[in-house]
Amino acid sequence: MFIVYASLILIAASLIFLGIYAFKAYKDAKPAIKKLTAISTVMQLKADQLKNGIDELTATQKEFQRDINYKKQTFNNTISAVKETPKKIKKWWNIKIPFIHQIK
């Protein structure tokens, strides 16, 4: 019977030691857990800032692209109008206006 009581005392003592060391390990790890949580929060905020920056840059890039396309189209229209100018001048030059040609 002594062996049973000794075994129970040994089991109870080991459970008490386990509880004490588990609590101590938790207490020692708590600052590290808080620090990791804070670092994780800061990293998440930085990631959100980067995402917002990327979104702004993408919007600006699209705006620049639209502006470049508009200016390119305007330039091409101007060039084509300049190329057509000699033809239009010839066309107007060859129009016979009766009262002006009689003045000669």
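Residues numbered from 1 in each chain as written. Predicted model: local features only at pLDDT ≥ 70, side-chain atom pairs only at ≥ 80, totals over all residues. Heavy atoms only, no water.

## Points about the overall build of the protein chain
Right, so step 1: Looking only at helices and strands, the protein chain has 2 helices and 0 strands in total.
Right, so step 2: The buried share of the protein chain, reckoned over its 104 residues, is 0%.
Right, so step 3: A total accessible area of about 10,400 Å² is found for the protein chain, and carbon and sulfur atoms account for 70% of it. (Helix = DSSP H or I, 4+ residues; strand = E, 2+ residues; numbered from the N terminus. Buried < 20%, exposed > 50% of the residue type's maximum accessible area, 1.4 Å probe, protein only. Areas by Shrake-Rupley, 256 points an atom, 1.4 Å probe, with all protein chains shown as cover.)

## Notes on the packing of aromatic side chains
Right, so step 1: Overall, the coordinates contain 1 aromatic pair when judged by the stated rule.
Right, so step 2: Taking 6.5 Å as the distance between ring centres and 40 degrees as the angle between the ring planes, the aromatic pair formed by phenylalanine 17 and tyrosine 21 counts as tilted. Taken together, the residues span about one helical turn, with phenylalanine 17 and tyrosine 21 both in helix H1 (residues 2-93) at a distance of 4 residues.
Right, so step 3: Accessibility expressed as a relative area gives 55% for tyrosine 21, which makes it exposed. (Phe/Tyr/Trp six-rings, centres within 6.5 Å; stacked < 30°, edge-to-face > 60°.)

## Comments concerning a nonpolar patch on the surface
Right, so step 1: Side chains of Met1, Val4, Tyr5 and Leu8 sit close together on the surface and give an oily, nonpolar patch of about 460 Å² of accessible area.
Right, so step 2: Looking at where valine 4 falls in the secondary structure, it is placed in helix H1.
Right, so step 3: Overall, valine 4 belongs to the partly exposed group, its relative accessible area being 45%. (Patch = residues over 30% accessible without salt bridge, like charges linked within 9 Å, V, L, I, M, F, W, Y side chains within 5 Å. Salt bridge = Lys/Arg side-chain N within 4 Å of Asp/Glu carboxyl O.)

## A word on the UniProt feature "transmembrane region" (unreviewed entry) in the protein chain
Right, so step 1: When the UniProt feature table is mapped onto this chain, "transmembrane region" (unreviewed entry) is found at residues 6-26.
Right, so step 2: Across residues 6-26, the secondary structure splits into 100% helix and 0% strand, with the terminal C-alpha atoms separated by 30 Å. (UniProt positions renumbered as here; feature names shortened; annotations may be inferred.)

## Focus: the pattern of salt bridges
Right, so step 1: Evaluation of the coordinates by the stated rule reveals 3 salt bridges.
Right, so step 2: In this structure, the salt-bridge partner of aspartate 55 is lysine 51, at a minimum N-O distance of 3.5 Å. Residue aspartate 55 and its partner lysine 51 are located together in helix H1, separated by 4 residues, close to a single helical turn.
Right, so step 3: Residue lysine 87 pairs with glutamate 84 through a salt bridge whose shortest N-O separation is 3.9 Å. One end of the pair is lysine 87 and the other is glutamate 84, both in helix H1 and 3 residues apart, which spans about a single turn.

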